[in-house]
Each structure stands twice: as C-alpha cells, then as structure tokens.
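Secondary and tertiary structure notes
Here are the chains, one letter per residue:
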Amino acid sequence: MGDYFQTIVDLDAGPDEAAELADRVVAWLVDEGVVLAERTDCVLGQPLGHPPGPNWHRAVAEDDADREPWDGLAVEVGRTVFDGGQGDPEAVTCPRCAATTRLVTETWDTIDDAWAPFREAMEDWDETGEAQVVCPACAESVPLPEWRWADDYFAFAHLGFEFWNWPEFTPEFLTRFSRALDGHRISHVWGKL
Ligand SMILES: [Zn+2]
C-alpha cells in the first residue's frame, strides 16, 4: 500500500506573506484540535510535521471518522510546484478562452508537442517565479499559475499544507481553511507515492 497525500494550496499568498499565514493557519488547526502543535517525524518529504490532533475527524466526513490518519501535516513555505505525484495530468484549460488542451492520448501516452511549452514554463517558474505559456487556441500569453489543470493536478504557489494519509477532507473543512487564509483561493491537490 502506498502513501497518499492531499495538499491544500493557497493560490493567492505572495512570497512575503506565506510564512506569517502558515503560522496563523497552524495555530488555527491546533486550536481546533485537528493537528498537534508539537512536531514529530510523521510526514514524508520533510524532517518534521504536525501529527493528527484529538479532533482530526472534524476535517473529514462522518463515514470516515473511524479511519484515523496515521501521519501528519507538512507545511511548505516558499515557491513550490505542487503536483499530484504519480502519472500525468490529462489536460489543461486556458483561463482566458476556456479551450482545453489534452496532454495525454486515450491510452495515457504523453503528447510531447502539447506538453513541451508547459514543461519549459515549469522549469522557468521553479527558477524565477515567472513563466508564461501562449495558449494554442487564443494565442494569449497566460501566466503559468493561472492555467487550470484537470483534477487540480498542478498548483504553482508559495504556501501549501500537505496532509499525509488522511481521509478526504469535506468541502466544509476546505471552506473554513480558505477563510483562515484570509479568503484566499485554494487548490486541493491529491496524490500517491
Ligand atoms: Zn486561450
């Protein structure tokens, strides 16, 4: 059995406010009892994370209230490409004209020509925090973070909360999470390692 993660990504937090927002949201989660304040070796990809708190079930559906998470929360502060782990995204949609570009064939082979401009932009964004991709349909130059990915496969942002091996969060919890982030837009990125 693999390890699953779901990451709540703040799409609006700038590089200068990410650390302060991260502290505030962790304090809120600790207050709620969703995670513990202490940090232990309970996450993948980082040395330390916050283990589940006594009220972890407040974040998940009633049906999942007996599926206690066995790992914790890793907070990612700083420019990060958040992705869905294994596999490839199926398609990407232009936020200007709503045209969708398929990135894999019906049999899930990568379409290299379609992928190339996005791959290049991802490298640029990772290095500099700036990248644009010209839409093949409307020819507009669109900043990489604004493209919409099938299944929220990617998010390009400066703040993310990565929960390891938790049941799926409820829409209500995600709404409250967004409120704790000053009403910022969030993306819910899922994956498996
Ligand atoms: Zn377009």
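For the structure, check the block above.
A short tour of the structure in this document, coming up. (Residues numbered from 1 in each chain as written. Predicted model: local features only at pLDDT ≥ 70, side-chain atom pairs only at ≥ 80, totals over all residues. Heavy atoms only, no water.)

**A word on the coordination of the zinc ion**
For clarity, the threshold we go by: Shown as donors are all N, O and S atoms within 2.8 Å of a metal ion, widened to 3.2 Å for Na, K and Ca; because water is not in the atom set, sites may appear incomplete. Donor angles set the geometry label: tetrahedral for four donors if every angle is between 85 and 135 degrees, square planar for four and octahedral for six if opposite donors exceed 155 degrees and the others are between 65 and 115, irregular for anything else. A run of H or I in DSSP counts as a helix once it spans at least four residues, and a run of E counts as a strand once it spans at least two, with each numbered from the N terminus. When accessible area is computed with a 1.4 Å probe and restricted to protein chains, residues below 20% of their type maximum are described as buried, those above 50% as exposed, and intermediate ones as partly exposed.
Coordination of the zinc ion by the protein comes from C94 (SG), C97 (SG), C135 (SG) and C138 (SG), over a distance range of 2.3 Å. Around the zinc ion sit 4 donor atoms; with metal-centred angles ranging over 104 to 117°, the donor geometry is tetrahedral. Positions of the donor residues of the zinc ion along the chain correspond to the pattern C-x2-C-x37-C-x2-C. In this pair, C97 sits in the loop between β3 (91-93) and β4 (100-102) while C135 sits in the loop between β5 (132-134) and β6 (141-143), placing the two residues 38 residues apart along the sequence. By relative accessible area, C135 is classed as buried at 3%.

**A look at the pattern of salt bridges**
What counts here: For this document, the term salt bridge refers to a Lys or Arg side-chain nitrogen within 4 Å of an Asp or Glu carboxyl oxygen.
This model, assessed by the stated rule, comprises 9 salt bridges. D182 is the partner of R24 in a salt bridge, and the nearest nitrogen-oxygen pair spans 2.9 Å. On the criterion of sequence distance, the pair formed by R24 in helix α1 (residues 18-32) and D182 in the loop between α3 (171-180) and β9 (186-192) is long-range, its members being 158 residues apart. Judged by its relative accessible area of 34%, R24 falls in the partly exposed class. Taking relative accessible area as the criterion, D182 reaches 48% and is therefore assigned partly exposed. In this structure, the salt-bridge partner of R67 is D64, at a minimum N-O distance of 3.1 Å.

**Some thoughts on the sheet that holds strand β7 (residues 148-149)**
Rules: Between any two strands, at least two bridges found by DSSP are needed for them to pair.
Spatial strand order, β4-β3-β7: 3 strands in an open sheet with antiparallel pairing. Every other strand in the sheet has two partners, leaving β4 and β7 as the edge strands with one partner each. Where β3 lies against β7, 2 bridges are found, and the strand directions are antiparallel. Across the sheet, T93 pairs through a bridge with R148, a residue of β7.

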